[in-house]
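Here's the letter readout for the chains.
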Amino acid sequence: MIEPLPKTLPVLSGSPDCSVIGTIHDDALPIYIREATLEQILDYSERDPSQEIGGFLLGGLHVDGSEYIEIRHFLPAFDARSRAASLTFTHETWARLTRDVDEQFPDEVVLGWHHTHPNFGIFLSAYDLFIHRHFFSEPWQVALVVDPHRQEFGFFQWRHEEVVDCGFICVGEGLGIRD
Ligand SMILES: [Zn+2]
């Protein structure tokens, strides 16, 4: 479902080449993701469809005036333990993430995480919720689940202490969000 950008969302520079995908609640934090980054994540998700793989979503956190996040980089999880229906981040995963952000993306924020569900659909399992509550507990941190078999994906965000599925805004090439 693609809808025009509602007037309540932050104004973008350039031509409004943005697509709203899914339903964005009026009081929810808008999630913007660059089209190229989304494509990179979907490509990565198909790399090994036999087991769960994952990574991290980096970008800008804007909390002055209109609040939103803008996902513009993806880092695959290093040394994660993949199985057919589980993914475990290790101590080394977190250490490498901190180092890579410091070295490669010092101005970016870890906005959330990504993982795949090979052929079992888009939802957060009890273990996924455990990870989200413990490691992505900031109100603006999100999760992205991709099913490379069914070619489905979806975002989840905090809403009233719960983590719920939500829509997002895909930002076309050559556009940025006006600061
Ligand atoms: Zn999962």
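The shown structure was predicted, so the numbers you read here are calculated from the model rather than taken from an experiment.

1. Details of the overall build of the protein chain
- Scanning the protein chain for helices and strands turns up 3 helices and 12 strands.
- Considering only intrachain contacts with a sequence separation of at least 6, the fraction spanning at least 24 residues in the protein chain is 69%.

2. A short note on the environment of Gly22
- With respect to the secondary-structure elements, Gly22 resides in the loop between strand E2 (18-21) and strand E3 (31-34).
- Accessibility expressed as a C-beta count within 10 Å gives 15 for Gly22, which makes it partly exposed.
- Once the C-alpha coordinates of Gly22 and Asp165 are considered, the two residues, 143 residues apart in sequence, prove to be 9.4 Å apart.

3. A few points about the pairing of strand E12 (residues 168-171)
- Sheet analysis places E2 next to E12, joined by 4 bridges and oriented antiparallel. Within E12, the residue paired with Cys18 across the bridge is Val171.
- Sheet topology note: the E3/E12 ladder contains 3 bridges and is parallel. Paired with Tyr32 across the bridge in E12 is Ile169.

4. Quick notes on the nonpolar core
- Counting residues in each nonpolar core, the largest one holds 29 residues, and the members touching the most others are Ile31, Tyr32, Leu57, Val142, Ala143, Leu144 and Phe155.
- Mapped onto this core, the elements with two or more residues apiece are E3, strand E4 (54-62), strand E5 (68-76), strand E8 (109-116), strand E9 (142-147), strand E10 (152-159) and E12.
- For this core, the leading source of residues is E9, giving 5 residues.
- If we skip the residues at most four places from it in the chain, Phe155 touches Ile31, Val142, Leu144, Cys166 and Phe168.

5. Remarks on the environment of Val146
- Along the polypeptide, Val146 turns up in strand E9.
- When near neighbours in sequence (up to four residues on either side) are disregarded, Val146 contacts Ile41, Leu42, Ser45, His114, Thr116 and Phe153.

6. Some thoughts on the environment of Glu108
- In this structure, Glu108 sits in the loop between helix H2 (91-104) and E8.
- Given 18 C-beta atoms within a 10 Å radius, Glu108 is considered partly exposed.
- Linking Glu108 and Leu57, residues 51 residues apart in sequence, is a C-alpha distance of 9.7 Å.
- When near neighbours in sequence (up to four residues on either side) are disregarded, Glu108 contacts Leu58, Gly59, His73 and Val101.

7. Brief notes about the pairing of E9
- With 5 of 6 residues buried, E9 lies mostly within the body of the structure.
- Taking the sense of rotation as the criterion, the β-α-β connection linking E8, helix H3 (residues 126-135) and E9 turns out right-handed.
- Of the pairings in the sheet, the one linking E9 to E10 comprises 6 bridges and is antiparallel in character. The residue bridging Leu144 from the neighbouring strand is Phe155, located in E10.
- Taking the residues that link successive antiparallel strands as the turn, the E9-E10 hairpin has 4 residues, and the phi of Gln151 there is positive, at about 55°.

8. Quick notes on unusual backbone geometry
- The residue Asn119 is not glycine, and still its phi comes out positive at about 65°.
- Considering the arrangement of structural elements, one finds Asn119 in the loop between E8 and H3.
- In this structure Asn119 comes out as partly exposed when scored by C-beta crowding, with 13 C-beta atoms within 10 Å.
- Positive phi is not limited to glycine here, since Glu161 has a value of about 70°.
- If you trace the backbone, Glu161 turns up in the loop between E10 and strand E11 (162-166).

9. What to know about H2
- The end-to-end C-alpha distance of H2, which contains 14 residues, comes to 20 Å, matching closely the 20 Å that a straight helix rising 1.5 Å per residue would cover.
- Buried residues are scarce in H2, accounting for 0 of its 14 residues.

Criteria and cut-off values
Residues numbered from 1 in each chain as written. Predicted model: local features only at pLDDT ≥ 70, side-chain atom pairs only at ≥ 80, totals over all residues. Helix = DSSP H or I, 4+ residues; strand = E, 2+ residues; numbered from the N terminus. Contact = placed C-beta atoms within 7 Å. Buried ≥ 20, exposed ≤ 12 C-beta atoms within 10 Å, placed from the backbone. Pairing = 2+ DSSP bridges. Core = buried A, V, L, I, M, F, W, Y, C linked by C-beta atoms within 7 Å. Right-handed = clockwise from strand over helix to strand, strands pointing away. Expected span 1.5 Å × (residues − 1).

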